[in-house]
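Examining the three-dimensional arrangement
Here are the chains, one letter per residue:
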Protein chains: 2
Amino acid sequence: MAQMTSLSTALPGRAARRAPTPTAASGVSAASGVSAASGAGAASGVSAAAPLYQQLAHELVSLSGQGALRPGDRLPSVRTLSEQRGVSVSTVLQAYLLLESRGVIEKRPQSGHYLRAARAASAPEPRTARGSAQPRRVTVSDLVSRLYGAARDPSLLLLGGGHLDPSLLPVERLSRSLASVARSAGGAGVAYDPPPGLLALRRQVARRAAECGVAVSADEVITTFGTMEALHLCLRAVARAGDAVVVESPAYYGLLQLIESLGMRAIEVPAHAQTGIDLPLLTAALRQHDVKACLLVPNFSNPIGALMPDEAKRELVQLLARREIPLIEDDVYGDLRHEGARPRPARAFDKKGLVMLCSSFSKTLAPGYRVGYVLPGRFRETVERLKFAQSIATATLPQMAIADFLDNGGYERHLLRLRRALADQVARVSDAVAEHFPRGTRISRPRGGFLLWVELPAGKNAVELFERGLSHGVCIAPGPIFAAKPRFATCVRISCSMPWTERVASGLQLLGKLANEL
Amino acid sequence: MAQMTSLSTALPGRAARRAPTPTAASGVSAASGVSAASGAGAASGVSAAAPLYQQLAHELVSLSGQGALRPGDRLPSVRTLSEQRGVSVSTVLQAYLLLESRGVIEKRPQSGHYLRAARAASAPEPRTARGSAQPRRVTVSDLVSRLYGAARDPSLLLLGGGHLDPSLLPVERLSRSLASVARSAGGAGVAYDPPPGLLALRRQVARRAAECGVAVSADEVITTFGTMEALHLCLRAVARAGDAVVVESPAYYGLLQLIESLGMRAIEVPAHAQTGIDLPLLTAALRQHDVKACLLVPNFSNPIGALMPDEAKRELVQLLARREIPLIEDDVYGDLRHEGARPRPARAFDKKGLVMLCSSFSKTLAPGYRVGYVLPGRFRETVERLKFAQSIATATLPQMAIADFLDNGGYERHLLRLRRALADQVARVSDAVAEHFPRGTRISRPRGGFLLWVELPAGKNAVELFERGLSHGVCIAPGPIFAAKPRFATCVRISCSMPWTERVASGLQLLGKLANEL
């Protein structure tokens, strides 16, 4: 192992660029431990009063950067470094975790820790959205329709979608489950399964919820047609046309379309690339407006991939609880953390039944099965009634097939493989973007999910890149669809939803070329 | 064959009881030929100027009733009677059809025509609802929740539901289709199938629509989660909270719940047991109120089983077209005519793209698959956008399985068997009700579907019967849930949704006993 020199140059501007938005989120970050420690520490030095692991991490960064350790090089093993430095294994592990969370190093399964490819690591993260948070009637641009039209074109390289490539999903195993339950269920398989839905599935959902800190019985769970129907039901349960609903900015266009379709108004509160919605700005918005609900994605939000630290989630829940405002929580990416324990949903901090947790198996097993669920808290009866009125029942056999899959133990192993694959895909796509896109491009560093938020340098038009990409056979999602008002003109969302291939590599290279030509 | 004597005593009060509501519907009936001829002709005599078949029918009725021909006896074959009377086969056929439509005789497959069991035939039909048609905010009683709670109790005899017993459905064949498409689809089976939905299924829907007079391309079809989601999308496409929507009275409580859940108001326009919604009253309601849409079930409405004659459908469509009011047509029972050709949907008469035809395979193949569709006419784009916002996509494999079933030719044969079975079940349940229920009970005579609307004599409380039935293990649907305002206190809906068994027979006998004790 070569001499390690300062790696701090690998983090230019991260601290500076995140500084301009003085928010409670930074305060929250400080309190939230390793995973949320900001890059500022690395850039500003760490005092001797800092915990040992932080000192070690800082030392490692300081020792790097003199050319002896190159991107892609392997770091000493945890045991080796522990012996070399005379610190505990746990201290080294924490130091490595901190550096991982900063994107300085990466852990490769069964191999060890590596210095991340310089290009992605050196790219700054996208900036936080600015602007006031006025309620706006949502109008969805026809860009979304074009994006969905493109999704049906098999000749396109689809880097714009929010769903995983089927090659990452347990297709065979699910088909077997479905065939098997169809056979064994007999008449029950063709019969209605009225709300709240299949008990076997609701039990599995409750069991998994308990594992991430949400104590709930199967009785509270209601199954739905995917997360989207769950969110829809929750919104209808607590708000009506004309009401104001808080979303993050940028927000998944599907959520904006949902709000639009219900005639509600969206209040867009800026979210930080690492820590999610800006709590001081949210507080201000709640003071200023009569907000009927918040519709947020605390775990690996779409498109920026932010993960709210536990403390921020707690603060969010308390903030809303004081005002009796329901939080509709979209946790659909929660199972997809690249490394480490599954993050808790905000619902884990709820004491008043005000957090309505929505999720599905669409990002982990089978989007086409349309099996999701909601834990509606105190709104259970209303949501169940609306579910009946809206679609009578969730399809029976797809629920049975998912429950069978969860029952028979394949899910955890599958998730482990999937999370590793996504971590790898995100790293590779990030590096390709860093390599090929114009200088000054910013790239998000999601710690879960498979979406990248990419901010082109000022003056580069994302819609133009979308158009040119389409005409060259590559589809990405243009930034403006992630906002109700004109915003994110220089941003695009790129999905790392398919295994890395030459085709993906060439597509990203082409996009970079097109972006440079803009 | 014994001497035939007057059967006119078998029709007491039908004419008299349907007379009190002087409506355009009777006028429409007169123009619509055999199937809609009212019972009035039989009671009042037929002039020599009437068509030959009407004279013959009248003669048959007049010759009956002197005790020689008993309920259940076989009538002369068409050929025999044609030779005996010296009239054409076609005239005899028309006469028999007329008597069938009046419930005087019934046709049994491959057997011939029979005098219907006297009891059911002698029971009058339920009366048409009265009262003004003021828009009302809908509030769903907890009776519906209790009805649905009961549906989950396996110990109950369920005569209150709107879904068929699985023994009547092609369970095995569908399971095989599902297993087969899951295997062959591979990754496509777990992937999203974004709106408008599966092309193979949309082609089948378009083909079948063409067969009943609706010229439509697969491009217009959008697949949905059952009829209910289709109706929901249509309502949202053309109306908003506070708007007034016309429904029949009585109306399926699911439609009332849907309207309630969207914050809309229902205008309940009385419907006749044979011919459906009262067009003069509808016209008056349209003059009086700002109606945004009509949500009707022209073919075998739920609960009364009315079949609007073609001419009435045409008039309805024209009436609404003049005012540019969309008709949301629920055709979910359209495939279930007991005898004769499938009736045309109102959409067949639409020239302006104002009729949004909704249906599904929930009453014919598999309610639990949740596969339906909508032909949204001129509202196609809006409905497709709402479908995406509401549930992203219809589940992929259930669509594929239904399309496979339709493709492989099993559907028509299955429908034929199913329609015969339902005709038989409806006849048997009707007779049991006529036999066991209190004197003066009125029973609907649906010519399709599997629902009976039963009106108890004045003073008998239907909710009380519902409660007592439940406590004795039999579930029926109480009349008041079929109206937004307090109505139908003496009515119940009884489903003929399961094959005739001793258990069903005993259940009806028990209900009759309870009704007599009220």
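Basis of the calculations
Residues numbered from 1 in each chain as written. Chains lettered and ligands numbered in written order. Predicted model: local features only at pLDDT ≥ 70, side-chain atom pairs only at ≥ 80, totals over all residues. Heavy atoms only, no water. Helix = DSSP H or I, 4+ residues; strand = E, 2+ residues; numbered from the N terminus. Buried < 20%, exposed > 50% of the residue type's maximum accessible area, 1.4 Å probe, protein only. Contact = heavy atoms within 4.5 Å. Areas by Shrake-Rupley, 256 points an atom, 1.4 Å probe, with all protein chains shown as cover. pLDDT = per-residue confidence, 0-100. Least-squares fit on C-alpha atoms with pLDDT ≥ 70 in both. Pairing = 2+ DSSP bridges. Core = buried A, V, L, I, M, F, W, Y, C linked by side-chain atoms within 4.5 Å. Buried area = accessible area lost by both parts, 1.4 Å probe. Salt bridge = Lys/Arg side-chain N within 4 Å of Asp/Glu carboxyl O. Domains from an automatic or database assignment. Polar contact = N/O pair within 3.5 Å; in protein donor to acceptor, adjacent residues only side chain to side chain. Nonpolar A, V, L, I, M, F, W, Y, C, P; charged D, E, K, R; others polar. Expected span 1.5 Å × (residues − 1). Lys, Arg positive; Asp, Glu negative; His and termini not counted. Phe/Tyr/Trp six-rings, centres within 6.5 Å; stacked < 30°, edge-to-face > 60°. Axes fitted to C-alpha atoms, helices over the stretch in contact; angles between N-to-C directions. Parallel < 35°, antiparallel > 145°, perpendicular 65-115°, else oblique. Left-handed = near helix turned anticlockwise from the far one by under 90°. 1 Å grid on protein atoms, 1.4 Å probe; cavity = no way out; pocket = protein on both sides within 12 Å on 5 of 7 lines; lining within 4 Å. Points joined across faces, edges and corners; volume = space filled by probe spheres on them.

**Notes on the overall build of chain A**
Broken down by element type, chain A carries 20 helices and 17 strands. Across the 518 residues that make up chain A, the buried fraction comes to 63%. Put simply, 78% of the contacts in chain A that link residues at least 6 apart link residues at least 24 apart. For chain A, the accessible surface area stands at approximately 18,300 Å², while carbon and sulfur atoms represent 50% of it.

**Examining the confidence of the model for chain A**
Per-residue confidence for chain A gives a mean pLDDT of 86; residues scoring 70 or more make up 85%. Counted against residues more than four places away or in other chains, residues 1–45 of chain A, with its pLDDT under 50, gives 100 contacts.

**Observations concerning the relation of the copies chain B and chain A**
Least-squares fitting of chain B to chain A yields an RMSD of 0.2 Å, with the superposition described by an axial translation of 0.1 Å and a rotation of 180°. On the angle and the small slide along the axis, the relation comes out as a two-fold axis. Residue B:Ala179, judged by its C-alpha, is the member of chain B lying nearest the rotation axis, at 2.1 Å. Looking at the interface residues of chain B, 100% of them are also at the interface in chain A, so both copies use one shared face.

**Structural notes on the pairing of strand β1 (residues 105–108) of chain A**
Residue and element names in this part refer to chain A. In this structure, β1 lies alongside strand β2 (residues 112–115), joined through four bridges in antiparallel fashion. Residue pairing across strands places lysine 107 opposite histidine 113, the latter belonging to β2. Adjacent in sequence and paired antiparallel, β1 and β2 are bridged by three residues, among which glutamine 110 carries a positive phi angle near 55°.

**Considerations on the nonpolar core**
Of all hydrophobic cores here, the largest spans 141 residues; its most connected members are A:Phe361, A:Tyr369, A:Ile494, B:Phe361, B:Tyr369 and B:Ile494. Not counting chain neighbours up to four residues away, the residues in contact with A:Tyr369 comprise A:Leu174, A:Ser175, A:Leu178, A:Pro398, A:Ala401, A:Ile402, B:Gly189, B:Val190, B:Ala395 and B:Leu397.

**Quick notes on unusual backbone geometry**
Residue A:Pro250 is bonded to the preceding A:Ser249 through a cis peptide linkage, with omega at 0°. With respect to the helices and strands, the residue A:Pro250 is situated in the loop between β6 (244–249) and α13 (253–261). At the junction of B:Asn302 and B:Pro303, the peptide bond is cis and its omega measures out at 15° in the coordinates. Residue placement: B:Pro303 occurs in the loop between β9 (291–296) and α15 (310–322). For A:Arg370, which is not glycine, the phi torsion reads 55° and is therefore positive.

**Remarks on the interface of chain B and chain A**
Contact with chain B, which involves 54 residues of that partner, is made by 54 residues of chain A. Overall, the association of chain B and chain A removes approximately 4,300 Å² of surface from exposure, summing both partners, and the carbon and sulfur fraction of that is 66%. Counting the surface chain B buries against chain A, the share from its top three residues, B:Val190, B:Tyr192 and B:Phe388, is 16%. Counting across the chain B and chain A interface gives zero salt bridges.

**Comments concerning the domain arrangement of chain A**
All names here are of chain A. Per the domain assignment, the segments making up chain A are domain 1 (4–122), domain 2 (200–411) and domain 3 (413–517). The distance between the C-alpha centroids of domain 2 and domain 3 comes to 26 Å. Between domain 2 and domain 3, the residue contacts involve 28 residues of the former and 26 residues of the latter. Carbon and sulfur atoms supply 55% of the area that domain 2 and domain 3 bury against each other, a total of about 2,500 Å² over both sides. Taken together, the links from domain 2 to domain 3 amount to 17 residue pairs in polar contact (both at pLDDT 80 or more). Contributions of two or more residues to the side of domain 2 that touches domain 3 are made by α13 and α18 (410–436). Per-class residue counts for the side of domain 2 that touches domain 3 are 13 nonpolar, nine polar and six charged.

**Things to note about the pairing of strand β11 (residues 355–360) of chain B**
All names here are of chain B. Of all the six residues making up β11, six are buried; the element is thus mostly covered by neighbouring parts of the structure. Burial of the side chains of β11 extends over both faces: Val355, Leu357 and Ser359 are buried on one face and Met356, Cys358 and Ser360 on the other. Direction of pairing for strand β10 (residues 327–330) relative to β11: parallel, over a ladder of four bridges. In the sheet register, leucine 327 faces β11, and the bridge partner there is valine 355.

**Some details on helix α16 (residues 380–391) of chain A**
Residues three or four positions apart in an α-helix share a direction because the helix packs 3.6 residues into each turn. Residues and elements named next belong to chain A. Between its first and last C-alpha, α16 extends 16 Å over 12 residues, near the 16 Å set by a 1.5 Å rise per residue. Burial in α16 covers these residues: Val383, Glu384, Leu386, Lys387, Phe388, Ala389, Gln390 and Ser391. Looking one or two residues past α16, isoleucine 392 carries a phi angle of roughly 65°, positive in sign.

**A few points about the side chain of B:Ser391**
Looking at where B:Ser391 falls in the secondary structure, it is placed in helix α16 (residues 380–391). Take B:Ser391: its relative accessible area is 0%, and that puts it in the buried class. The residues touching B:Ser391, leaving out its near neighbours within four places in the chain, are A:Met228, A:Arg370, B:Phe225 and B:Glu229.

**A word on the sheet that holds strand β14 (residues 451–455) of chain B**
The pairing of strands in a sheet comes from backbone hydrogen bonds and takes either a parallel or an antiparallel form. Residues and elements named next belong to chain B. Across the sheet, which stays open at both edges, the four strands sit in the order β13-β14-β17-β16 with antiparallel pairing between neighbours. On the outer flanks of this sheet lie β13 (442–443) and β16 (477–478), each paired with one strand and no other. Pairing between β14 and strand β17 (residues 491–495): five bridges, direction antiparallel. Opposite valine 454, over in β17, you have valine 492 as the bridge partner.

**A look at the side chain of A:Glu268**
Residue and element names in this part refer to chain A. Its location among the elements puts glutamate 268 in strand β7 (residues 265–272). Buried and without a salt bridge, glutamate 268 has arginine 487 as its closest oppositely charged side chain, separated by 4.0 Å. Of note is the side chain of glutamate 268, whose polar atom sits 2.8 Å from the backbone nitrogen of alanine 484. In this structure the side chain of glutamate 268 is engaged in a polar contact, spanning 3.4 Å, whose partner is the backbone nitrogen of lysine 485.

**A short note on the packing of aromatic side chains**
All names here are of chain A. Throughout the structure, instances matching the rule amount to 19 aromatic pairs over all chains. Ring centres of tyrosine 253 and phenylalanine 482 lie 5.6 Å apart, and the angle between their planes is 65°; on these two criteria the pair is classed as edge-to-face. On the criterion of sequence distance, the pair formed by tyrosine 253 in helix α13 and phenylalanine 482 in the loop between β16 (477–478) and β17 (491–495) is long-range, its members being 229 residues apart. Across the pair, exposure class does not vary: tyrosine 253 and phenylalanine 482 are buried alike.

**Description of the packing of helix α12 (residues 226–238) of chain B against helix α13 (residues 253–261) of chain B**
Residues and elements named next belong to chain B. At a minimum axis distance of 11 Å, the contact between α12 and α13 shows a crossing angle of 40°. It follows from the interaxial angle that α12 and α13 lie oblique. For the crossing formed where α12 meets α13, the hand is right-handed. Within the contact between the two elements, α12 uses Met228, Leu231, His232 and Leu235 and α13 uses Gly254, Leu255, Leu258 and Ile259. Split into classes, the residues belonging to the contact of α12 with α13 amount to six nonpolar, two polar and no charged.

**A look at empty space enclosed by the protein**
Tallying each qualifying case throughout the model produces 16 cavities of 30 Å³ or more. When its volume is computed, the largest cavity comes out at roughly 220 Å³. Along the wall of the largest cavity there are 22 residues; nearest its centre are A:Tyr192, A:Ile392, B:Tyr252, B:Val332 and B:Lys363. When residues of the lining of the largest cavity are traced back to their parent elements, those giving at least two are α12 and α13 of chain B. Ranked by residues supplied to the lining of the largest cavity, first place goes to α12(B) with four residues.

**Details of the sheet that holds strand β14 (residues 451–455) of chain A**
Residues and elements named next belong to chain A. Ordered in space as β13-β14-β17-β16, the four strands form an open sheet in which the pairing is antiparallel. The two strands at the open ends of the sheet, each matched to only one other strand, are β13 (442–443) and β16. Bridge count for β13 against β14 is two bridges, and the pairing is antiparallel. Following the sheet pairing, arginine 442 is matched in β14 by glutamate 455. Taken strand by strand, α18 contacts β13, β14 and β17, and its axis lies near 15° from that of β14.

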